[in-house]
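Residue-level structure breakdown
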Amino acid sequence: MNARQVFPFSAIVAQEEMKLALIVAAVDPSIGGVLVFGDRGTGKSTAVRALAALLPPMRAVVGCRYACDPADVDALCEQCRDKAERGALKGRRVPVPVVDMPLGVTEDRVVGALDLERALAHGIKAFEPGLLARANRGFLYIDEVNLLEDHLVDLLIDVAASGENLVEREGLSVRHPARFVLIGSGNPEEGELRPQLLDRFGLSVEVKTPTELDQRVEVIRRRDDFERNKAVFTAKWKKRDADLRRRIVAGRERLADIEVPDTVLESAAILCMQLGTDGVRGELTLIRAARALASFELAGAVAVSHLRRLAPSALRHRLRRDPLDESGSSARVERALLEAFGS
């Protein structure tokens, strides 16, 4: 990731909701990933790669194909667990991975398969890890996620829920950790996302092409400056990215100490009841996201203001369609916020 220049996260113009959702997911990956829907050419993939490049390198077990964290004993793969029983695990710093999952990819490429070269040459049954293994502890990015084949959607739902990938192929049975922040992007005009996968995304944001002249000009200027001299442009934004990195790291460290008052819990429940969301996943995601935002902003406790800012992202994709209400999901959430909390 560090070998090539990536457009700085701090240099992205506008798209504040998308940037905030990605930051919140970086502070607390358990929120469940981010779905970014909107026009082409609005910086969706740029933002994902920029955030991953912004994050500090992670510590991984030397020689581990799944980049296991030597300090997280419960999440070790079988090989690392065996090594840990024989002594302390050696670690090294590696970049946070961003793995692209292209459309038309085969299931074996995603989950992993038998290493045919070793099997044919040496008669050894060995496992060749797939994209899910490479994405462990990082980001799995799916562009045009709404066009993903159904059997891969089902597979991702299972892995996202369990945090593990189980592969059984040609007499092999391999289980390895697969915990990643799932980032999906797409254009709603090309088709809708299956409800089963839609509900697995913690946050959903809408991005639009800038309509203000000043913003469009600034987008063009910054992108052109970056393409002409990436090193100089990146250096210009280095301090702002470093400040943002420190705030994300501090947010992670403080996360467990952030209090959530009962009044905030009640507010989240009231809002979801007004919107008629199914189950309590909406409230849980909203509270987790609000806690991550409060921690990132150095607040001691979650406030209703944190809920208000993240409610559209946490709830708009969980609403049932109302044939009597033609307004969009974002408008419905905003209306419910006004009814619940006032202006």
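Here, the structure is the one placed above.
Conventions and cut-offs
All residue numbers refer to position in the chain's written sequence, counted from 1. Given that the model is predicted, a residue must reach a pLDDT of at least 70 before its local features are reported, and side-chain atom pairs must reach 80 or more before they are shown or counted; all residues, however, enter totals for whole chains, interfaces and linings. Calculation of side-chain values draws on the structure's entire complement of heavy atoms; hydrogens and water are dropped beforehand. Geometry of aromatic contacts follows a simple scheme: Phe, Tyr and Trp rings, the Trp one being its six-membered ring, pair when their centres are within 6.5 Å, and the pair is stacked under 30 degrees between planes, edge-to-face over 60, tilted otherwise. Each helix is a run of H or I in the DSSP string that is no shorter than four residues. Each strand is a run of E no shorter than two, and both are numbered from the N terminus. The cut-offs for exposure are 20% and 50% of the maximum accessible area for each residue type, with area from a 1.4 Å probe on protein chains only; residues under the lower value are buried, those over the upper are exposed, and the others partly exposed. The salt bridge criterion pairs a side-chain nitrogen of Lys or Arg with a carboxyl oxygen of Asp or Glu, the two atoms within 4 Å. Any two strands with at least two DSSP bridges between them are considered paired. The convention used is that axes are lines fitted to C-alpha atoms, helices contributing only their stretch in contact, and that angles between N-to-C directions extend from 0 to 180 degrees. Any pair of residues with heavy atoms lying within 4.5 Å of one another is described as a contacting pair. Small angles under 35 degrees read as roughly parallel and large ones over 145 as roughly antiparallel, with 65 to 115 read as roughly perpendicular and the rest as oblique. Take the far helix as the reference: if the near one is turned anticlockwise from it by less than a right angle, the crossing is left-handed, and if turned clockwise, right-handed. One less than the number of residues in a helix, times 1.5 Å, gives the span that helix is expected to have. Working definition: a disulfide is two cysteine sulfur atoms within 2.5 Å of each other.

1. As for the packing of aromatic side chains
Overall, the coordinates contain four aromatic pairs when judged by the stated rule. On the basis of an interplanar angle of 75 degrees and a centroid distance of 5.2 Å, the ring pair of F7 and F226 is categorised as edge-to-face. Of the two residues, F7 is situated in the segment before α1 (16-27) and F226 in helix α9 (residues 213-228); the sequence distance between them amounts to 219 residues. Here the aromatic rings of F233 and W237 are separated by 6.3 Å at their centres, their planes lie at 40 degrees, and the arrangement is tilted. Relative accessible area serves as the criterion here: at 7%, W237 is assigned to the buried category. Taken together, the aromatic side chains of F7, F226, F233 and W237 make up a single cluster linked through ring pairs.

2. Brief notes about the pattern of salt bridges
Oppositely charged side chains can form a pair if their charged atoms are brought close together. Applying the stated criterion across every chain yields a total of 15 salt bridges. When the shortest N-O distance is used, the salt bridge between E218 and R222 registers 2.8 Å. With E218 and R222 both in helix α9 and four residues apart, the pair spans about one turn of that helix. Take R222: its relative accessible area is 17%, and that puts it in the buried class. Linked by salt bridges that have partners in common, E17, E206, K208 and R316 make up one network.

3. Topic: the sheet that holds strand β10 (residues 181-186)
Here five strands make up an open sheet; going across it, the order is β4-β7-β10-β1-β11 and the pairing parallel. Each edge of the sheet is formed by a strand with only one pairing partner; in this case those strands are β4 (98-100) and β11 (203-207). Within the sheet, the average angular offset between the axes of one strand and its neighbour, ignoring direction, is 20 degrees. The pairing of strand β1 (residues 34-38) with β11 spans five bridges and is classified as parallel. Note that in β11 the partner of F37 across the bridge is E206. Set on the sheet, helix α2 (residues 44-54) makes contact with β1, β4, β7 (139-143), β10 and β11; between it and β7 the angle comes to about 170 degrees.

4. Quick word on the packing of helix α13 (residues 281-296) against helix α14 (residues 304-315)
The description of two helices packed together rests on the angle between their axes and the distance between the axes. Viewed as axis vectors pointing N to C, α13 and α14 meet at an angle of 130 degrees, and their least axial separation amounts to 9 Å. By the criterion of interaxial angle, the relationship of α13 to α14 is oblique. Between α13 and α14 lies a crossing of right-handed hand. Across the interface between the two elements, G282, T285, L286, I287, A289, A290, L293 and A294 of α13 pack against H306, L307, R309, L310, A311, A314 and L315 of α14.

5. Side note on helix α11 (residues 238-254)
Here α11 is 17 residues long and its end C-alpha atoms lie 24 Å apart, about the 24 Å a rise of 1.5 Å per residue gives. On its buried side, α11 packs onto α1, α2 and α13.

6. Things to note about the state of the cysteines
By the definition in use, this model includes zero disulfides. Here C68 is not cross-linked by a disulfide; its sulfur's nearest cysteine counterpart is in C64, at 3.6 Å. With a relative accessible area of 1%, C68 lands in the buried category. C80 carries a free sulfur, and the closest cysteine sulfur to it, the one in C64, is 3.5 Å from it.

Take it as geometry only, folks, not as evidence of what the structure does.
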